[in-house]
Amino acid sequence: MRRKGPRRPPPPAELSGRLRLLAAAAALPPMLALGWVALVWGPVLLAALGLAAGHYYSWRAAARPQASGWVRLAVFVALHLALALMCARLFAAGALPQAEFALFAQAITSFDLRTRRNLFASLGMSLLTLYVAATLARDAGFGLFGLAYVGLVLAVFYAAELADGRGRARLRWPAAPLAGDSAAATRPARGLTPALGFAGALAVATAAVFGLTPHFAGRPVIPPFSLDLPIPSGPTSRIVNPALPLVQINGWSNATGDYYYGFDSQLDLSYRGGLSDRVVMYVRSPAWSYWRSHSYDTYTGSAWRQADEGTLSLTTGGQGIYYAVPSDTQAEGEEVVQTFYLVTDQPNLVFAAYRPTEAYLNTASLVLDAGDGLRVGEAMKAGTTYTIVSRRPNFAEAALRAAGDDYPAAVRAAYLQLPDNISERVRTLAQSLTANAPTAYDKAVAIRDYLLTIPYELYPPPQPPGSETVDNFLFVDQRGVCEQFATAHAVLLRSLGIPTRLVAGYGAGEYSALSGYYTVRSNDAHAWTEVYFPGYGWVPFDATPGWTPSPYTAPVQRWLFSSTLQGLPDLPLGAVAAAAQALFGVALWPLLLLAALVMVLGAVWLFVRAWRLRPAPPAGFSALDGDRQRRRILAAYQAGQQRLRRRRAGAETVREFARRVDQPAWDEVTAAAEQAAYRPAPPEQRLAERIWEVVRRLKRAG
Amino acid sequence: MKPTPRGWAVAAIALGLYVFANQTQVGWLYVFSALAAALWLCTFGIPGRMLRRLRLARRVNGSALGVDGSAEYADLNPAVGDELQLTLTIHNAGRLPALQLTGADTCPPAPAADRNQPFFINYLSGGQAATLRYTVTCARRGWFTFGPTPLATQAPFGLWSATRVAPVDGPDGLLVFPETRPLARLDLFDRQPAVETSLAQAGTGGEFLSVREYRPGDPPRHVHWRTTARAGRLIVKEFAEEQQPALTLALDLRRAACLGGADDNTLELGIKLAASLARHAHERGLPVRLLTNSRRWPAPVGALSQWALLSYLARVEAEGDDALADALRQVSATPGAFVAAVLPAPDPEAVAPLVNLQRRGLAVLAVLVDPMPFTGDRGLGIEVRRVAGELAAGGVAVRLIGAAPDWERVLVTGEASVATEAAA
């Protein structure tokens, strides 16, 4: 093939040491961020050392006329070795093999950064590393790494402009620092105010764009570059979901182990004990919700169990990772896409916001149990990720009140069951609480509201053997935990002939608007009830004080300010908050608001001060505004004629007019006007000011 | 103002992060997307605003005046080979600093390699002025205009770029005189005494011519008292008009007389020779008149000052086809006068009038420029020598000047330089 035109010369090597140093420094915050969020400090340290060595080598090699072919070959081989290592760690169930590959790839490619384009490409790789770290970050502290990265990248851009300008220029200013130049000492300080002003404007603009940008909960997209590889089955199997739109390697397992109920096959209400604050999972959801796992239909008086062990196998929708979850109730409302990241090993239960319609998880089998819970064929290991698409039902009070009591026979049979040892006083209490409640919804609300008045206690007294839980809870202990509140609600409603079931799962957890995660801990495990309404299905109620009485899935929050409480960033400042409380007697947030106000006022003061201290134009620097001085002098000439009450005739020269006026002051004005009109050099500012003073003192000509 | 490729990349990153943020619902990606978008938006307008408040001024050799060769500013006219010190002052009349300013000041008289002077100013505070100084050597004669200076910046991070062609306060132009060199001694002016001659007409000379009656305005000291006493009325002395011999400097400005390259050609050398001859004549106290065959650049009439002559020689260019011989035939054969003809190209037609002037009693010097070093054409070299021979045979003093650097020595001594002989 004939070459078209001469070959373009290769781009020049980047020889600016400052630029290279800044680019190398900019690669560190993303690495450190990844180590901080993923706890992969070993690879981070190794990659950082490699990065430093690579940048140093690239800098020294840039001075050579050509890049070394051997080095490029070594980089090529090393990259593929790192890729192989990543695949091996995938099979070995490594923590974050893809993140580690990103670290090593950046360190390896740093040995071949010859041109500026290469350096900017390395900044792009750092951005990818930061992206990976951002998807794993859980709190606001990650922002410091992001700010550091952005600041260093801007420094790289600034240094690049500096290098370009100096490289092309034959003349520079300042040429060289002058000995004893006091002005040079003040120059950095004068540049600080505009820089701070720009930083402030940038912060405000960022906050405005962030707050005013809608957040669309995207459906999981299966990228075309997603690979399905067999991962050995067994306890180390993982189910990875392609909700994270990077290159995904999905592991699949054919395990079809025995299904078992969990948290446990039954819920023992006599259990006493607190749960830890260990993080169980992170949930990314655009809407607040309880994370429902399963329910129980049979109450024994001291425990709950699921009598109906029937399950419905769900079919995949393609590529083995999509399941449509059937629902025989009205599934209305908007979509809520939640992604669950399991931190600890979990039973084979799939958590979801009520009501799930689609499940994205890579498993050989997914079933729907009789209690509307989703289950997989094996326990879910830490690191598992899956996505659920739910439909948020709209439970309007008026609609629920009008639902009636025409319950299906299957529902009556399963969810009105009560043991024989339900006491009469329990039944009487139910009757008395709902005497004025005309509908099933009103009854459910009345009983719930009554239960909300009972104190919550994490460690209630042990239940006497042989006693019935609800009777003991309502009339003896009169305090308890969520299972007792939920059981009481269910039993009281069942005694009134309203189908109710106990549901288990997790509460929403703590939300961070910056990370987008709900952090769910062990002590977020919770139990609540669902009451059946014909035509609407199971409607959740929560009778436990301190929780959400009507735990419907909230509307999708597209805007930062959709929910003020949930929009506030969750800062890891527990110790600081406690200290503030102790020292100032107030909560932390008012102090933060006060600090923000002080910062804003301080910025305003700095701006006003800089405005007042701006340097005046040098006096007499007339050459740069010569036109203006000319106009001033000629305007003074005109004004002088008015003061003299005499006007130069059209055919009269200025000197003839001056002779007619016959005043020494006017001669001075005339000479200045001639200079302004005819002389090539612009008049001095001092001259213009002097002439105006003369004009002001003119007397009327005789 | 427009976004740079880097700016487009940042905008694309902002959009890409937003798309991925919606896909993953990662709050931090929304933050970074917003930060990238905010950065792109906040830097918009900064470069243009920086450039808008800049005021430029230029000084040439410390002067802001337009040097046009007039006598008033005579001492400001540089000549070819002289150094020019240019000062460009950039004043930031705004309140905000101006960053990373790039531009290029153009000095037309400078050699091609130095004509464009790119500059860079990293930081200029509000109200501050930056002064850039550089020195160039005038490489060309002529009238050069100083134009506006292009400015550009991509501050602060190279996301947006702005350009502006800024007017510059200062000299509109510069007239560069041709190079002149002192001549040690030219025997042309030694061939006859440069004395004043009295003419048979009344004038202001010192030689007594006659007497006449007094007219109002005659100086009292001119009264001839003896004749006045005899005549009974005022009689004054009358003196003869004196005329000083002048040098008529003839210069061939035909288009065909310009042989060689754009800047290094026979005409340029001829102009240097003519200027140096005129300078030497002025130093000897001789008036100089100019004679050319150019219609577009007609020679000024009468005796010219050195500066007027240099101003003329600075501007002329070769044009037309009129022969110099026609102009030479118009030279009045004033005894004792001098004629120096500078012929940048061989002109056989000029031989006859020059020889004729020589025979009529004028001192004639013919300065011929050898075209061969400029063109490499041996034929022209032969022809110019033939013309020189004919002139010499007619009694005209001839100087054959090549491309030697010491042409003033050759002009004075008549000895060809080694280089010229080798070329011949």
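Residues numbered from 1 in each chain as written. Chains lettered and ligands numbered in written order. Predicted model: local features only at pLDDT ≥ 70, side-chain atom pairs only at ≥ 80, totals over all residues. Heavy atoms only, no water.

## Considerations on the overall build of chain A
Moving on, step 1. In terms of helices and strands, chain A carries 20 helices and 21 strands.
Moving on, step 2. Taking contacts inside chain A between residues at least 6 apart in sequence as the whole, the part at least 24 apart equals 76%.
Moving on, step 3. Within the structure as shown, chain A displays about 34,000 Å² of accessible surface, and the carbon and sulfur contribution to it stands at 61%. (Helix = DSSP H or I, 4+ residues; strand = E, 2+ residues; numbered from the N terminus. Contact = heavy atoms within 4.5 Å. Areas by Shrake-Rupley, 256 points an atom, 1.4 Å probe, with all protein chains shown as cover.)

## Examining unusual backbone geometry
Moving on, step 1. Note the cis peptide between Tyr354 of chain A and Arg355 of chain A, where omega equals 10°.
Moving on, step 2. Position of Arg355 of chain A relative to the elements: it lies in the loop between β12 (349–350) and β13 (356–360).
Moving on, step 3. Note that the residue after Ala155 of chain B, namely Pro156 of chain B, is joined by a cis bond; omega there is -5°.
Moving on, step 4. Position of Pro156 of chain B among the secondary structure elements: in the loop between β8 (149–153) and β9 (160–166).
Moving on, step 5. In this model, Asp372 of chain A sits at a positive phi of 65°, which is unusual for a non-glycine residue.
Moving on, step 6. Inspection of the secondary structure assignment puts Asp372 of chain A in the loop between β14 (366–369) and β15 (374–376).
Moving on, step 7. The phi dihedral of Gln478 of chain A is positive, around 55°, even though this residue is not glycine.

## A few points about the interface of chain A and chain B
Moving on, step 1. Each side of the interface is counted separately: chain A has 65 residues, and chain B has 64 residues.
Moving on, step 2. A combined buried area of about 5,500 Å² lies between chain A and chain B, and 70% of that area is made up of carbon and sulfur atoms.
Moving on, step 3. There are 2 salt bridges connecting chain A and chain B.
Moving on, step 4. Close ionic contact of Arg6 of chain B with Glu161 of chain A constitutes a salt bridge, the shortest N to O distance being 3.2 Å.
Moving on, step 5. Joining chain A to chain B, the criterion identifies 10 residue pairs in polar contact (both at pLDDT 80 or more).
Moving on, step 6. Mapped by element, the contributors of at least two residues to the side of chain A that touches chain B are α5 (116–136), α6 (142–168), β1 (171–173) and α7 (182–212) of chain A.
Moving on, step 7. With 13 residues, α6 of chain A is the largest single contributor of residues to the side of chain A that touches chain B.
Moving on, step 8. Taken together, the 3 bridges between β1 of chain A and strand β5 (residues 116–124) of chain B define a ladder with parallel strand orientation. Paired with Leu171 of chain A across the two strands is Phe119 of chain B, which belongs to β5 of chain B. (Buried area = accessible area lost by both parts, 1.4 Å probe. Salt bridge = Lys/Arg side-chain N within 4 Å of Asp/Glu carboxyl O. Polar contact = N/O pair within 3.5 Å; in protein donor to acceptor, adjacent residues only side chain to side chain. Pairing = 2+ DSSP bridges.)

## Quick word on the sheet that holds strand β6 (residues 129–137) of chain B
Moving on, step 1. Ordered by their spatial adjacency, 4 strands build an open sheet running β6-β3-β2-β10 (chain B), and the pairing between neighbours is mixed. Since the sheet does not close on itself, it has two edges, and those belong to β6 and β10 (168–169) of chain B, each with one partner.

## With respect to the pattern of salt bridges
Moving on, step 1. Inspection of the entire model under this criterion finds 31 salt bridges over all chains.
Moving on, step 2. The network of salt bridges with shared partners includes Arg292, Asp372, Arg501 and Glu530 of chain A.

## Focus on helix α1 (residues 17–38) of chain A
Moving on, step 1. Its 22 residues place the ends of α1 of chain A 32 Å apart at the C-alpha level, agreeing with the 32 Å of an ideal helix rising 1.5 Å per residue.
Moving on, step 2. Downstream of α1 of chain A by a residue or two, Leu39 of chain A has a phi angle that is positive, lying close to 55°. (Expected span 1.5 Å × (residues − 1).)

## Side note on the environment of Pro97 of chain A
Moving on, step 1. Looking at the secondary structure, you find Pro97 of chain A in helix α4 (residues 97–109).
Moving on, step 2. Separated by 15 residues in sequence, Pro97 of chain A and Ala82 of chain A place their C-alpha atoms 9.9 Å apart.

## A short note on the sheet that holds strand β16 (residues 385–391) of chain A
All names here are of chain A.
Moving on, step 1. Overall, antiparallel pairing links the 7 strands, which are arranged β10-β13-β16-β11-β5-β19-β18 in an open sheet. Each of the sheet's edge strands pairs with one partner strand only, and the pair in question is β10 (323–324) and β18 (510–511).
Moving on, step 2. As paired strands, β18 and strand β19 (residues 517–521) are joined by 2 bridges and run antiparallel to one another. When the bridges of β19 are listed, Glu510 appears paired with Thr519.

## Here we look at the nonpolar core
Moving on, step 1. Residues Phe142 of chain A together with Trp28, Leu54, Ile90, Ile121 and Leu124 of chain B are the most contacted members of the largest nonpolar core, which totals 104 residues.
Moving on, step 2. It is helix α2 (residues 27–42) of chain B that provides the largest number of residues to this core, a total of 11 residues.
Moving on, step 3. Setting aside residues up to four positions removed in sequence, Trp28 of chain B forms contacts with Ala134, Ala137, Asp139, Ala140, Phe142, Gly143, Leu514 and Ser515 of chain A.
Moving on, step 4. In this structure, Phe473, Ala488, Tyr536 and Ala543 of chain A belong to the second largest nonpolar core, which totals 48 residues. (Core = buried A, V, L, I, M, F, W, Y, C linked by side-chain atoms within 4.5 Å. Buried < 20%, exposed > 50% of the residue type's maximum accessible area, 1.4 Å probe, protein only.)

## Concerning the confidence of the model for chain B
Residue and element names in this part refer to chain B.
Moving on, step 1. Summarising the model, chain B shows a mean pLDDT of 84, and 87% of its residues fall at 70 or more.
Moving on, step 2. For chain B, the element scoring lowest by mean pLDDT is helix α13 (residues 418–423), at 45; β8 scores highest, at 93.
Moving on, step 3. Taken together, the stretch residues 66–75 has pLDDT below 50 and engages in 21 contacts with residues farther than four places along the chain or on a different chain.
Moving on, step 4. A low-confidence stretch, residues 417–424 (pLDDT under 50), is modelled with 14 contacts involving residues beyond four sequence positions or located in other chains.
Moving on, step 5. On the interface metric, ipTM, the complex scores 0.74, and its pTM is 0.66. (pLDDT = per-residue confidence, 0-100.)

## Focus: the packing of aromatic side chains
Moving on, step 1. Counted under the stated rule, the structure contains 36 aromatic pairs over all chains.
Moving on, step 2. Look at Trp291 of chain A and Tyr518 of chain A: their rings are 5.8 Å apart centre to centre, the planes differ by 70°, and that puts the pair in the edge-to-face class. Taken as a pair, Trp291 of chain A in strand β6 (residues 291–296) and Tyr518 of chain A in strand β19 lie far apart in primary sequence, 227 residues in all.
Moving on, step 3. Geometrically, the ring pair formed by Phe44 of chain B and Trp160 of chain B is edge-to-face, given 4.9 Å between the ring centres and 70° between the ring planes. Taken together, the positions of Phe44 of chain B in the loop between α2 and α3 (46–52) and Trp160 of chain B in strand β9 put the pair 116 residues apart, joining distant regions of the chain. (Phe/Tyr/Trp six-rings, centres within 6.5 Å; stacked < 30°, edge-to-face > 60°.)

## Regarding the pairing of strand β20 (residues 525–533) of chain A
Residue and element names in this part refer to chain A.
Moving on, step 1. Across the 9 residues that make up β20, a large majority, 8, are buried.
Moving on, step 2. Sheet topology places strand β17 (residues 500–506) next to β20; 7 bridges connect them, and they run antiparallel. For Tyr506, the partnering residue across the bridge sits in β20 and is Ala525.
Moving on, step 3. Two successive antiparallel strands, β20 and strand β21 (residues 537–541), enclose a turn made up of 3 residues, where Gly535 displays a positive phi of approximately 85°.

## Let's talk about the pairing of β17 of chain A
Residue and element names in this part refer to chain A.
Moving on, step 1. For β17, a buried count of 7 out of 7 residues is recorded, marking the element as mostly surrounded by other parts of the structure.
Moving on, step 2. Side chains Thr500, Leu502, Ala504 and Tyr506 project from β17 onto one buried face, and the interleaved Arg501, Val503 and Gly505 project onto a second face that is buried too.
Moving on, step 3. One ladder, built from 5 bridges, connects β6 with β17; its direction is antiparallel. Along β17, the bridge assignment pairs Tyr296 with Leu502.

## Describing the packing of α1 of chain A against α4 of chain A
Residues and elements named next belong to chain A.
Moving on, step 1. At a minimum axis distance of 11 Å, the contact between α1 and α4 shows a crossing angle of 155°. Between α1 and α4, the crossing angle belongs to the class labelled roughly antiparallel. Both α1 and α4 take part in a crossing whose hand is left-handed. In this structure, α1 uses Ala27, Met31 and Leu34 to contact α4, whose residues at the interface are Ala99, Leu103 and Gln106. (Axes fitted to C-alpha atoms, helices over the stretch in contact; angles between N-to-C directions. Parallel < 35°, antiparallel > 145°, perpendicular 65-115°, else oblique. Left-handed = near helix turned anticlockwise from the far one by under 90°.)

## Notes on the confidence of the model for chain A
Residue and element names in this part refer to chain A.
Moving on, step 1. When pLDDT is averaged along chain A, the result is 79; 78% of the residues meet or exceed 70.
Moving on, step 2. Of the regions scoring below 50 in pLDDT, residues 176–189 engages in 4 contacts with residues more than four places distant in sequence or in other chains.
Moving on, step 3. Counting interchain partners and residues more than four positions distant, the pLDDT-below-50 stretch residues 222–226 has 10 contacts.

## Thoughts on the environment of Ala658 of chain A
All names here are of chain A.
Moving on, step 1. The residue Ala658 is located in helix α18 (residues 654–661) in this model.
Moving on, step 2. With a relative accessible area of 7%, Ala658 lands in the buried category.
Moving on, step 3. Sequence separation of Ala658 and Ala671 is 13 residues, and the distance between their C-alpha atoms is 9.6 Å.
Moving on, step 4. Setting aside its immediate chain neighbours within four residues, Ala658 contacts Trp666, Asp667 and Thr670.

## What to know about the environment of Gly383 of chain A
Residue and element names in this part refer to chain A.
Moving on, step 1. Note that Gly383 resides in the loop between β15 and β16.
Moving on, step 2. By relative accessible area, which is 36% here, Gly383 ends up partly exposed.
Moving on, step 3. Residues Gly383 and Val343, spaced 40 residues apart in sequence, show a C-alpha to C-alpha distance of 5.8 Å.

## Topic: empty space enclosed by the protein
Residues and elements named next belong to chain A.
Moving on, step 1. This model, assessed by the stated rule, comprises 8 cavities of 30 Å³ or more.
Moving on, step 2. By volume, the second largest cavity amounts to about 110 Å³.
Moving on, step 3. Tyr57, Ala61, Ala67, Ser68 and Asp112 are, among the 14 residues lining the second largest cavity, the residues nearest its centre.
Moving on, step 4. Sorting the residues of the lining of the second largest cavity by element identifies α2 (41–62) and α3 (69–91) as the ones contributing at least two each.
Moving on, step 5. Among the residues making up the lining of the second largest cavity, the classes are represented as 7 nonpolar, 3 polar and 4 charged. (1 Å grid on protein atoms, 1.4 Å probe; cavity = no way out; pocket = protein on both sides within 12 Å on 5 of 7 lines; lining within 4 Å. Points joined across faces, edges and corners; volume = space filled by probe spheres on them. Nonpolar A, V, L, I, M, F, W, Y, C, P; charged D, E, K, R; others polar.)

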